[in-house]
Amino acid sequence: ANTSKQIMKYRSEIDGMRALAVLPVVAHHLNPEILIGGAAGVDVFFVISGFLISQIILTDISNGTFTFSNFYSKRVRRIFPLLIFVLILTIAVGWFVLLPSDFADLSSSATAAAFSVSNLHFFSKVSYFAESSQLNPLLHTWSLGVEEQFYLLFPLIVYAVWCSSTAKRFTFNLSASFGTVLVLSLLLSIWGAENKPDKNFFFTLSRFWELMAGALAGIAFQKGLRPPEAWSNGLSVLGLVMLTGTYVLLGPEYPFPSMWTVIPVVATILLLWTADIGTLVGSLLRLRPLVLIGTISYSVYLIHQPLFAFVRLTNLSNSQIYLAICTVSLLPLSWLSWRFIEQPFRIPRRHKPKLGKLVTAALLTVGVTTALIAQNRPLTPAFSRLTTNQQAIEVFIGSTLDKTDLYLHGKCFLDHSFPDPEACISGGTGKNLVLIWGDSHAAGLAVGLRELLPNVATFSIMRCPIFIGTYENIKSNCKTPNLQTLEQIKLKQPSTVVLHRNWLSVPHEAKQVEATIKEIHTISPDTQILIVGGVPQWQGTLPIRLLQGAGKITNGMMLDNKFQAVLKTDEILKRLSVDKNVHFFSVISALCAESKCLATAEALDGSLEPTAFDYGHLTKAGSLVLSRMIIAQSVFKER
């Protein structure tokens, strides 16, 4: 009976293809200009994975040996031992060379990798082709997340079709199911490439079609449905030319995955279908150097990105030399990891029946540990090497709006209606009451004004316009808090209403503030209105800019800032101040000079802070500086 069982034949040319997939990825990560489309090597891996996995499962089903536990155990032993090793080593190195904020980010990335969701972790955080991606030691694990999620779902689809089909209809039904998933996933990737290219790159469902294409090619191969043998040489050459063209010509301006991705996917299928026959390309792919690199390609892929990233992160003066050393060392290191980590776990041992469980337990331990590290953000040795002022700036890296009580988040700074508007008013009477109305930038300005003025009300609504206009043009979640704010103005008759927001987020909004001014004057005739222009906006985040800059950090530092766009909105807003009881204050004029803007300031306790904790949201020190300047111009009147 054993002789009738199907056996998958080892194909050395597939290892050669793996080499042609991993080497372009490494070259692209070393320097994107070497191979602008080298990242497409990952797409080749996806197709190969789908091709092989479909045959593995179908062969096991045909032989009556398929079990979910056996399938998942093999995947765990294949993928995770080396991944665990790389994660632990990366975290260990990161502990010594990274600042706490970067180390926390690395730990959260490691957690995502351990739980097979790296692609979803990076989904809303990074752009794969941004220059900063070269500094992320674990960014490349996104592709493992896609494959691992595929491995989780794929056998379930196959088994469901198997259970619901007759033996004669099984192959047809399975192919139809795969084809349906392929078409839907491809359409999603095409839509995503046009509308959400950065997110589309990492999204699992936008990538499934590539693996399904490989799976369909695998079914066809197993059933002997391939191009005529006479065409093999031509088709294999065509596949190699298409793949080479992808690497050389399809750079970041061609979004992946999309219709463009069809080129490397089809190229890979052509090579898989024809390279096992006596073709010239097949002979090329079976060359021992290529086969060896393909054999250790998983190690090459996992190890190269942390090596390159840490060289760049440590800002070594001769980084190009060190990158060259890492590149030369990559293959020997990868062979060692393949020999002593991959192989011992891949080969089943009778005396190690619980190997899969051991690997799973180790994986969970790494995932939980790195999650705790990311949550607690411990002070790393690199932090102790910073000066006192640098340490003061570093703690602001990674700050977000929902992590500070300064902005009264969840109370007076919301993205929906205010639970208790009265709780956002500090004095309760209209005399000298200053009411601040706007978005998160207004919440930042309110921090300083509340510290310096006795009677302040704060109504800041996340990502919502403050103009009235026609309410049909305003999102539903913005209508209620805007109306609540107007109601408070009518009830309290404040002496001053301050209108402030990120005017750049909706450029046309500045032209419609006039409707808001008229409404306020109608319901509170004696109230004066102060329009505060936009704050300086920094490329990236200000704390990182300060730490990356040359020289020591001091109080009152000025850094380069391109604020021309803010000045344009200022001009629009300034025209409104010709009306009675309407004033305009230019933040750019107050905080900037020539092409530089204020980057650091002292808090009340004398500690140094950046004026903004991200691209433009004010810290307490930044808000105090700006608030003092506003008050100094005597725009607030007493009644």
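Before any of the text, the structure's been laid out above.
Fair warning: this is a prediction, and the values are worked out from it, not measured in the lab.

Undergrad: Where do I start with the side chain of T458 in this structure?
TA: Mapped onto the secondary structure, T458 falls in strand β3 (residues 456-461). When sequence neighbours within four positions are dropped, the list of residues in contact with T458 reads C412, C424, I436, A446 and R450.

Undergrad: Help me understand the state of the cysteines in this model?
TA: In a disulfide, the sulfur atoms of two cysteines are held together by a covalent bond. Within the structure shown, the criterion is met by 3 disulfides. Covalently, C412 is tied to C424 through a disulfide, its sulfur atoms 2.1 Å apart. Here C412 and C424 share a disulfide; its torsion about the S-S bond, -100°, makes the bridge left-handed. Here C412 is found in the loop between α18 (388-394) and β1 (413-414), whereas its partner C424 is found in the loop between β1 and β2 (434-438), with 12 residues between them in sequence. Note on cysteine connectivity: C592 is disulfide-linked to C597, with sulfurs 2.0 Å apart. Looking down the S-S bond of the C592 and C597 bridge, the torsion is 105°, so its handedness is right-handed.

Undergrad: I keep staring at the pairing of strand β5 (residues 528-532) and nothing clicks. Help me out?
TA: Each regular strand carries side chains that alternate between the two faces of the sheet. The buried count for β5 comes to 5 of 5 residues, which makes it a mostly enclosed element. In β5, alternate side chains face the same way, and those of Q528, L530 and V532 on one face and I529 and I531 on the other are all buried. Across 4 bridges, the pairing between strand β4 (residues 496-500) and β5 is parallel. When the bridges of β5 are listed, L499 appears paired with I531. With 4 bridges connecting them, β5 and strand β7 (residues 582-585) associate as parallel partners. Looking at the pairing, I529 lines up with V582 of β7.

Undergrad: Even after reading the chapter, I still don't get the sheet that holds β1, so can you show me in this structure?
TA: Pairing between the strands of a sheet comes from backbone hydrogen bonds, and it takes one of two forms, parallel or antiparallel. Spatially, 6 strands are ordered β1-β3-β2-β4-β5-β7 in an open sheet, and the strand pairing comes out parallel. Each edge of the sheet is formed by a strand with only one pairing partner; in this case those strands are β1 and β7. Sheet topology note: the β2/β4 ladder contains 5 bridges and is parallel. Within the sheet, the bridge partner assigned to G438 lies in β4 and is H500. The sheet contacts of helix α19 (residues 440-452) involve β1, β2, β3, β4 and β5, and relative to β3 the element is tilted by about 165°.

Undergrad: Just to check I follow, could you spell out the nonpolar core for this structure?
TA: One recurring pattern in soluble globular proteins is that nonpolar side chains are buried together. Counting residues in hydrophobic clusters, the biggest one holds 104 residues, and the most contacted among them are W142, F154 and V158. Setting aside its immediate chain neighbours within four residues, W142 contacts V42, F46, S118, N119, F122, Y128, F201, F202, R207 and Y301. Among the nonpolar cores identified, the runner-up in size contains 51 residues, and V447, V456, L546 and F563 belong to it.

Undergrad: Mind showing me how you'd approach the packing of aromatic side chains here?
TA: For any two aromatic rings, the description comes down to two numbers: the centre-to-centre distance and the angle of the planes. The full count for this structure, using the stated rule, is 24 aromatic pairs. Between Y254 and W260, the ring centres sit 4.7 Å apart and the planes meet at 75°, which makes this aromatic pair edge-to-face. Between Y407 and F613, the aromatic rings sit 6.0 Å apart at their centres with planes inclined by 55°, giving tilted as the arrangement. Of this pair, Y407 sits in the loop between α18 and β1 while F613 sits in the loop between β11 (608-610) and α25 (620-632), and the two are 206 residues apart along the sequence. The buried category is assigned to Y407, whose relative accessible area is 2%.

Undergrad: Whenever I open this one, the sheet that holds strand β9 (residues 596-598) confuses me. Can you help?
TA: One open sheet holds the 3 strands; their spatial order is β6-β9-β8, and the pairing between them is antiparallel. Looking at the sheet topology across the chains shown, the edges are occupied by β6 (558-560) and β8 (592-593). Relative to β9, β6 runs antiparallel, the two being bridged by 3 bridges. Of the residues in β9, the one forming a bridge with M558 is L598.

Undergrad: Help me understand a nonpolar patch on the surface in this model?
TA: Taken together, the side chains of F115, V117, L120, L364, V368 and L372 present a nonpolar region at the surface, about 500 Å² in accessible area. Following the sequence through the fold, L364 ends up in helix α16 (residues 355-376). Owing to a relative accessible area of 44%, L364 belongs among the partly exposed residues under this scheme.

Here is what the cut-offs are and how they apply
- Residues numbered from 1 in each chain as written.
- Predicted model: local features only at pLDDT ≥ 70, side-chain atom pairs only at ≥ 80, totals over all residues.
- Heavy atoms only, no water.
- Helix = DSSP H or I, 4+ residues; strand = E, 2+ residues; numbered from the N terminus.
- Contact = heavy atoms within 4.5 Å.
- Disulfide = S-S within 2.5 Å.
- Buried < 20%, exposed > 50% of the residue type's maximum accessible area, 1.4 Å probe, protein only.
- Pairing = 2+ DSSP bridges.
- Axes fitted to C-alpha atoms, helices over the stretch in contact; angles between N-to-C directions.
- Core = buried A, V, L, I, M, F, W, Y, C linked by side-chain atoms within 4.5 Å.
- Phe/Tyr/Trp six-rings, centres within 6.5 Å; stacked < 30°, edge-to-face > 60°.
- Patch = residues over 30% accessible without salt bridge, like charges linked within 9 Å, V, L, I, M, F, W, Y side chains within 5 Å.
- Areas by Shrake-Rupley, 256 points an atom, 1.4 Å probe, with all protein chains shown as cover.
- Salt bridge = Lys/Arg side-chain N within 4 Å of Asp/Glu carboxyl O.

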